[in-house]
Amino acid sequence: MHQSQGIPSAGLAVVSCVLFIYDYTLTFAKEIDLFWLQPRRTWGSAFFIANRYIGLFGRIPEFLGIFFGGLDSPVCSGLLLSNRVISAVLQLIGGVIMIARVYAFYNKDRRVLSLLLVVAVVCIGLGCWAFSYRTVLSTSESTAAAQGTYAGCHELMTSAEASHWAAAWGGQLVFDALVFIFTLRKLMSVYSLGKRSFMALSLRDGALYFAVMTAANVANIVTYLVMTNPYERSMLAPPTNMLCAVLISRLMLNLRGLEHELHR
């Protein structure tokens, strides 16, 4: 008889939830001051609020799955599906925000916008391909999955499914790298002119964001490809999504804060 046990994905999910809520409490006052109390409403504000609160309330099904679910529970499939949909929505919102930033930095150059949109559409296609792909466990994977009875809801993923998700996250990595290159190129040109402007500071924040997210995406992809336990292959996906949502919120808060300082 197997004893109920935890797996690393549960611990990582708990940590990411706690850090997300902690960051939310730290920045809530700034959010009120810079967004809610401002008379002017923009699409940027709408996307900020969407990213912020879909990320926050999206922790509810993840929390329920960790502490109140079970692998044989009928609610697990619904909770796991909810997590995937929420993650996809957050990634889509983040992509729109980043495309808008780069488009603005390049003075609304349609060539830059077209390239980013093409890569984004490819990323969406890869995500849909991975989402719809299903296969059965191999004999060795079934043996590994049967070695313990795990508490909570955890995603069971075959090696073939993991390869598809690695490809989908690889598309996200390419998109992030492309935006990072555009951002870094613009940042270098600004600093080469000796400017220390609003644009220089916002570009610096963007470059730091993409450096961190690139490292997180690489670790996530490697985990999909090298883990042998079917329950552990997607364990870095929730932390990566939460890191993306937190960093985008920070970027937009810093950007809005810089705007207010310049207009004082």
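Everything numeric here is computed off the predicted structure, so don't read it as measured data.

A. Spotlight on a nonpolar patch on the surface. There is a patch of nonpolar side chains on the surface, built from Ile54, Leu81, Val85, Val89 and Phe131 and spanning about 350 Å² of accessible area. One can find valine 89 in helix 4 (residues 76-105).

B. Examining helix 5 (residues 110-132) more closely. Compared with an ideal rise of 1.5 Å per residue, which puts 23 residues at 33 Å, helix 5 spans 33 Å between its outermost C-alpha atoms and is within 8% of the ideal. Three or more residues of helix 5 are buried, namely Val112, Leu116, Val119, Ala120, Cys123 and Ala130. Between the side-chain oxygen of the N-cap and the backbone nitrogen of arginine 111 there are 2.9 Å, and the N-cap of helix 5 in question is aspartate 109.

C. Representation of the nonpolar core. If you look at the biggest cluster of nonpolar residues, it comprises 31 residues, and the most contacted ones within it are Met98, Leu116, Phe175 and Tyr209. Mapped onto this core, the elements with two or more residues apiece are helix 1 (8-36), helix 4, helix 5, helix 7 (159-192), helix 8 (198-226) and helix 9 (237-262). Apart from the residues within four sequence positions on either side, methionine 98 is in contact with Val179, Tyr209, Phe210, Ile248 and Leu251. Counting ten residues, the second-largest nonpolar core is a separate cluster that includes Ala130, Trp165, Trp169 and Tyr224.

D. View of the pattern of salt bridges. On inspection of all chains with the given rule, the structure shows five salt bridges. The shortest N-O distance in the salt bridge between arginine 52 and glutamate 31 comes to 2.7 Å. Note that arginine 52 is positioned in helix 2 (residues 43-57) and glutamate 31 in helix 1, a separation of 21 residues in sequence. Classification of arginine 52 by relative accessible area gives buried; the value is 3%. Residue glutamate 31 is classed as buried on the basis of its relative accessible area, which comes to 0%.

E. Here's a closer look at the layout of surface pockets. The calculated volume of the largest pocket comes to roughly 1100 Å³. Arg84, Ser87, Ala88, Trp165 and Asn241 are, among the 45 residues lining the largest pocket, the residues nearest its centre. Residue assignment for the lining of the largest pocket shows that the elements contributing at least two residues are helix 1, helix 3 (59-67), helix 4, helix 5, helix 7 and helix 9. Of the residues forming the lining of the largest pocket, the biggest block, twelve residues, is contributed by helix 4. Here the residues of the lining of the largest pocket sort into 30 nonpolar, eleven polar and four charged.

F. Inspection of the environment of asparagine 217 at higher detail. For asparagine 217, the position within the fold is in helix 8. Note: C-alpha distance between asparagine 217 and leucine 236 (19 residues apart in sequence) is 8.8 Å. Once you skip the residues sitting within four places of it in the chain, asparagine 217 turns out to touch Trp169, Gln172, Leu173, Asp176 and Thr240.

Cut-off values and rules
- Residues numbered from 1 in each chain as written.
- Predicted model: local features only at pLDDT ≥ 70, side-chain atom pairs only at ≥ 80, totals over all residues.
- Heavy atoms only, no water.
- Patch = residues over 30% accessible without salt bridge, like charges linked within 9 Å, V, L, I, M, F, W, Y side chains within 5 Å.
- Areas by Shrake-Rupley, 256 points an atom, 1.4 Å probe, with all protein chains shown as cover.
- Salt bridge = Lys/Arg side-chain N within 4 Å of Asp/Glu carboxyl O.
- Helix = DSSP H or I, 4+ residues; strand = E, 2+ residues; numbered from the N terminus.
- Expected span 1.5 Å × (residues − 1).
- Buried < 20%, exposed > 50% of the residue type's maximum accessible area, 1.4 Å probe, protein only.
- Polar contact = N/O pair within 3.5 Å; in protein donor to acceptor, adjacent residues only side chain to side chain.
- Core = buried A, V, L, I, M, F, W, Y, C linked by side-chain atoms within 4.5 Å.
- Contact = heavy atoms within 4.5 Å.
- 1 Å grid on protein atoms, 1.4 Å probe; cavity = no way out; pocket = protein on both sides within 12 Å on 5 of 7 lines; lining within 4 Å.
- Points joined across faces, edges and corners; volume = space filled by probe spheres on them.
- Nonpolar A, V, L, I, M, F, W, Y, C, P; charged D, E, K, R; others polar.

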